[in-house]
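# Working through the structure, step by step
Here is how the chains run, residue by residue.
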Amino acid sequence: MNKLKNGTKRFALVCLFVLALAATFQSITGVNIKSMIMPFISVISFTKPVSAAPSTPLLEDAFDWSKYPKQTVTATGYTAGYESTGKSQGHPEYGITYSGVKVKRDLFSTVAADLNVFPIGTILFIPGYGYGVVADKGGAIKGNELDLYYKTVEDVYKQWGKKQVDVYVVQKGNGHLTEEQLQTLNNNKSLQVFRQQYINSEKR
């Protein structure tokens, strides 16, 4: 209690001392102290903090997806590893899809589907995942099912798992897909603003 009283007294004395100095300064120089400090008060009062740069919009919000045909599917995450494909690193076909292109997690990622539903080369937009290009098939994939490629098992569980989701058919495939076509899609200049979100998605 005594400390609080002593602190209050000291603060009051300091305030009185400052006021006395200000009054003395004003009487000697004739300069109005108030006019000197008001500009600083105005700057402090009206200066607004610089707002942060706007974040990159999500693909989900960037386009009107209702314009595209919609289909409900069960989507499961998978990897190129033994747990998903039965192939280990060192196998000559490790990471190679049925279409011949390498698996990829990017702006346009490789996905596996029932080719009777979504032929090779079909471009899908999958909310929460991004664009998927049908590049692969799977013995266990039947009907409205998709496998979405991720780099690691940890990424599969952390980023996706298994979900029922509405996907949008952006372009129906013709049964063929090449590395060059996939690279062209991923280098689309108008979509580069979104690309980093998917390249770095496994790091979240």
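These lines cover the structure that appears in this document, whether it is placed above or below. (Residues numbered from 1 in each chain as written. Predicted model: local features only at pLDDT ≥ 70, side-chain atom pairs only at ≥ 80, totals over all residues. Heavy atoms only, no water.)

Here we take up the overall build of the protein chain. The secondary structure content of the protein chain amounts to 7 helices and 6 strands. For the protein chain, the N- to C-terminal ordering of α and β elements is α-α-α-β-α-β-β-β-β-α-β-α-α. Among the 204 residues that make up the protein chain, the fraction classed as buried is 32%. In the protein chain, of all internal contacts separated by at least 6 residues, the share reaching a separation of at least 24 is 72%. If you sum the accessible surface of the protein chain, you get close to 13,300 Å²; carbon and sulfur atoms cover 58% of it. (Helix = DSSP H or I, 4+ residues; strand = E, 2+ residues; numbered from the N terminus. Buried < 20%, exposed > 50% of the residue type's maximum accessible area, 1.4 Å probe, protein only. Contact = heavy atoms within 4.5 Å. Areas by Shrake-Rupley, 256 points an atom, 1.4 Å probe, with all protein chains shown as cover.)

We now examine the layout of surface pockets. For the largest pocket, the calculated volume is near 290 Å³. As for the largest pocket, its lining consists of 18 residues, of which Thr85, Lys87, Ile96, Asp136 and Lys137 are closest to the centre. Of the residues in the lining of the largest pocket, the class split is 7 nonpolar, 6 polar and 5 charged. Taken together, Thr76, Gly77, Tyr78, Thr79, Glu83, Ser84, Asp147, Val153, Val156, Tyr157 and Gly161 form the lining of the second largest pocket. (1 Å grid on protein atoms, 1.4 Å probe; cavity = no way out; pocket = protein on both sides within 12 Å on 5 of 7 lines; lining within 4 Å. Points joined across faces, edges and corners; volume = space filled by probe spheres on them. Nonpolar A, V, L, I, M, F, W, Y, C, P; charged D, E, K, R; others polar.)

All buried positions along helix H5 (residues 153–160) are accounted for by Asp155, Val156, Gln159 and Trp160. Summarising the axial view, the buried residues of H5 lie within an arc of 105 degrees, below the 170-degree limit, and thus occupy one face. H5 presents Glu154 and Tyr157 as exposed residues on the side facing more than 90 degrees away from its buried surface. For H5, the secondary structure elements touched by its buried residues are strand S1 (70–78), strand S3 (123–126), strand S5 (145–149) and strand S6 (162–171). At the C-terminal side of H5, Gly161 shows a positive phi close to 85 degrees. (Arc of directions from axis to C-beta.)

Moving on, we get to the packing of aromatic side chains. Applying the stated criterion to the full structure yields 11 aromatic pairs. Between Phe63 and Phe194, the ring centres sit 6.2 Å apart and the planes meet at 50 degrees, which makes this aromatic pair tilted. On the criterion of sequence distance, the pair formed by Phe63 in the loop between helix H3 (59–62) and S1 and Phe194 in helix H7 (residues 192–199) is long-range, its members being 131 residues apart. On the accessibility criterion, Phe63 (37% relative accessible area) is partly exposed. Judged by centre distance (5.6 Å) and plane angle (40 degrees), the rings of Trp65 and Tyr68 are tilted. With a relative accessible area of 7%, Trp65 lands in the buried category. (Phe/Tyr/Trp six-rings, centres within 6.5 Å; stacked < 30°, edge-to-face > 60°.)

This model, assessed by the stated rule, comprises 4 salt bridges. Ionic pairing is found between Glu154 and Lys158, a salt bridge with its closest N-O pair at 3.4 Å. A residue pair is termed a helical-turn pair when its members lie 3 or 4 positions apart in one helix, as Glu154 and Lys158 do in helix H5 at 4 residues. Assessed through its relative accessible area of 53%, Glu154 is described here as exposed. (Salt bridge = Lys/Arg side-chain N within 4 Å of Asp/Glu carboxyl O.)

Once that is clear, we can look at the environment of Ala80. You can see Ala80 is positioned in the loop between S1 and helix H4 (82–85). Among the residues examined, Ala80 registers a relative accessible area of 8% and is labelled buried. Along the chain, Ala80 and Lys102 lie 22 residues apart, while their C-alpha atoms are 9.6 Å from each other. If we skip the residues at most four places from it in the chain, Ala80 touches Thr85, Lys87, Tyr94, Gly95, Val103 and Tyr149.

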